[in-house]
Amino acid sequence: MNTLKRGVTLYSAKGGYDKTEHTELVTIMASNEYKKLLYYLQESDIEAFVTVSTVNEVIGTWNNKKNHV
């Protein structure tokens, strides 16, 4: 959040197979930011499950703070 200046939404999740509790993080980012995230995860040796979806449109004021910094 601090490095990429992106907010995240946190969800409690439970693994369907082994019932292990996890936290799911959801964020919207540009492709260059996504590359930075993958590099960070690889360099930090963090075990993460990453899914990617293409977003065509975001409506709302989610990016106001970033535009005014």
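The structure under discussion appears in the preceding block.
Residues numbered from 1 in each chain as written. Predicted model: local features only at pLDDT ≥ 70, side-chain atom pairs only at ≥ 80, totals over all residues. Heavy atoms only, no water.

Draft legend 1. Structural context of the pattern of salt bridges. Counting across every chain of the model gives 2 salt bridges. A salt bridge links Glu 33 to Arg 6; its shortest N-O distance comes to 3.1 Å. Within this pair, whereas Glu 33 is found in helix α1 (residues 31–44), its partner Arg 6 is found in the segment before β1 (9–14), the two being separated by 27 residues in sequence. Glu 21 is paired through a salt bridge with Lys 14; the nearest N and O atoms lie 4.0 Å apart. Note on accessibility: Glu 21 and Lys 14 belong to one class, exposed. (Salt bridge = Lys/Arg side-chain N within 4 Å of Asp/Glu carboxyl O. Helix = DSSP H or I, 4+ residues; strand = E, 2+ residues; numbered from the N terminus. Buried < 20%, exposed > 50% of the residue type's maximum accessible area, 1.4 Å probe, protein only.)

Draft legend 2. Examining the environment of Thr 51 more closely. Tracing the backbone shows Thr 51 in the loop between α1 and α2 (64–67). Residue Thr 51 is classed as exposed on the basis of its relative accessible area of 62%.

Draft legend 3. Quick peek at unusual backbone geometry. Positive phi, close to 65°, is recorded for Lys 19, a residue that is not glycine. Here Lys 19 shows up in the loop between β1 and β2 (21–26). For Lys 19, a relative accessible area of 51% translates into the label exposed. Positioned with a positive phi, Asp 45 is a non-glycine residue whose angle comes to about 55°.

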